[in-house]
Amino acid sequence: MSQRLYTEKQASISAALAGPIPPGILIYLNYKNLGKDKEAYLTLGVTLIFTVLLFYGIFQIPEEIVDKIPNFLFTALYGLIVYIFYHYYMVTDVNRAFEHGATKGSNWTVAGISVIGLILNVAIIFGLAMNQPVYAGERIEVKGNELYYDVEIPQSDVDKLLSEFESKNFFGEGYGNTARLQLLGNEYYITMMVDEELWSDPNIISFATSVKWFMEVEFGRTTHLKLESPSLSGNSKFKYITD
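Note that the structure is predicted; figures quoted are calculated from it, not measured.

Calculation criteria
- Residues numbered from 1 in each chain as written.
- Predicted model: local features only at pLDDT ≥ 70, side-chain atom pairs only at ≥ 80, totals over all residues.
- Heavy atoms only, no water.
- Axes fitted to C-alpha atoms, helices over the stretch in contact; angles between N-to-C directions.
- Helix = DSSP H or I, 4+ residues; strand = E, 2+ residues; numbered from the N terminus.
- Parallel < 35°, antiparallel > 145°, perpendicular 65-115°, else oblique.
- Left-handed = near helix turned anticlockwise from the far one by under 90°.
- Contact = heavy atoms within 4.5 Å.
- Nonpolar A, V, L, I, M, F, W, Y, C, P; charged D, E, K, R; others polar.
- Salt bridge = Lys/Arg side-chain N within 4 Å of Asp/Glu carboxyl O.
- Buried < 20%, exposed > 50% of the residue type's maximum accessible area, 1.4 Å probe, protein only.
- Pairing = 2+ DSSP bridges.
- Right-handed = clockwise from strand over helix to strand, strands pointing away.

**Some remarks on the packing of helix 2 (residues 21-33) against helix 5 (residues 71-99)**
To characterise two packed helices, one gives the angle between the axes of the helices and the distance between these axes. Axis separation between helix 2 and helix 5 bottoms out at 12 Å; the angle between their running directions is 15°. By the angle between their directions, the pair helix 2 and helix 5 is classed as roughly parallel. For the pair helix 2 and helix 5, the crossing hand works out as left-handed. The residues of helix 5 that touch helix 2, namely those facing P23, I27, N30 and Y31, are V82, F85, Y86, Y89, M90 and V94. Considered class by class, the residues forming the contact of helix 2 with helix 5 number 9 nonpolar, 1 polar and no charged.

In structure tokens form, the structure reads like this:
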């Protein structure tokens, strides 16, 4: 049975479509079919480590910066790495194998591996996201709820907001609610995580409005409040409380 090998083009396309894992698998399969088991397993290990470190690094970049980076740049990065590796370390062996009767691997197999790679990418991203803080800054936990706040905010103001959340039962025992207090310029910005489905609830809007105005008096400075509804894609939706 002839060797089945995957070309540089197939590996690059899989990288463009599904990130760094699929081309790593294709290169692994090439090494296995070329009889280079050591290089094959090393490729799998490096691919996994690179993918985890890459996504971890992206999580460390401030969200406002990541949002400005076009998605095609990440695709270009994956493709460039695959091109450099394949061109300098594999293309000679693969071409020689083709000259001796090896056949090109199926595009359907590439598609299937790309789907598997996407699933693994999502699993890695989800796993990393579960271990990342929801917001930047300091964090305090109260009764299973979390409040994040900027380090320069006086502790007395943090305590005022905590007290208000507890008195209004937003930070009830084991509710798992999350909020954030930011200081931008000379104004405070409060973010409360509330599912979008509840935004039309008059009680929720009334509660949020009362928190906004009460805290503005307590803080002694202009205070803004918004509701945030996150999604698994990482794209949150916001509702600004203006009344």
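Having seen it, we continue.
**Considering the pattern of salt bridges**
Throughout the structure, instances matching the rule amount to 9 salt bridges. E146 serves as the salt-bridge partner of R139, at 2.7 Å between the closest nitrogen and oxygen. Residue E146 is classed as buried on the basis of its relative accessible area of 18%. Note that K160 and D157 form a salt bridge whose closest N and O atoms lie 3.6 Å from each other. Residue K160 and its partner D157 are both found in helix 7 (residues 155-167); the two are separated by 3 residues, about one turn of the helix. Because the salt bridges share partners, they merge into one network encompassing K36, D93 and R96.

**Some words on the packing of helix 2 against helix 3 (residues 37-60)**
Interhelical geometry of helix 2 versus helix 3 gives an angle of 170° and a closest axis separation of 7 Å. Considering their axes alone, helix 2 and helix 3 lie roughly antiparallel with respect to each other. Counted together, I21, G24, I27, Y28, Y31 and K32 of helix 2 and D37, E39, A40, Y41, T43, L44, T47 and T51 of helix 3 form the full contact between these two elements. Looking at the contact of helix 2 with helix 3 residue by residue, the classes come out as 7 nonpolar, 4 polar and 3 charged.

**Looking at the pairing of strand 4 (residues 145-149)**
Taking burial as the measure, the 5 residues of strand 4 include 5 buried ones, the bulk of the element. The side-chain alternation of strand 4 yields two buried faces, one formed by N145, L147 and Y149 and the other by E146 and Y148. Sheet topology places strand 3 (residues 138-142) next to strand 4; 5 bridges connect them, and they run antiparallel. Directly across from E138, in strand 4, lies its bridge partner Y149. Two successive antiparallel strands, strand 3 and strand 4, enclose a turn made up of 2 residues, where K143 displays a positive phi of approximately 55°. Pairing geometry for strand 4 and strand 5 (residues 178-184), over 4 bridges, is parallel. If you follow Y149 over to strand 5, its bridge partner there is L181. Handedness of the β-α-β unit built from strand 4, helix 7 and strand 5 comes out left-handed.

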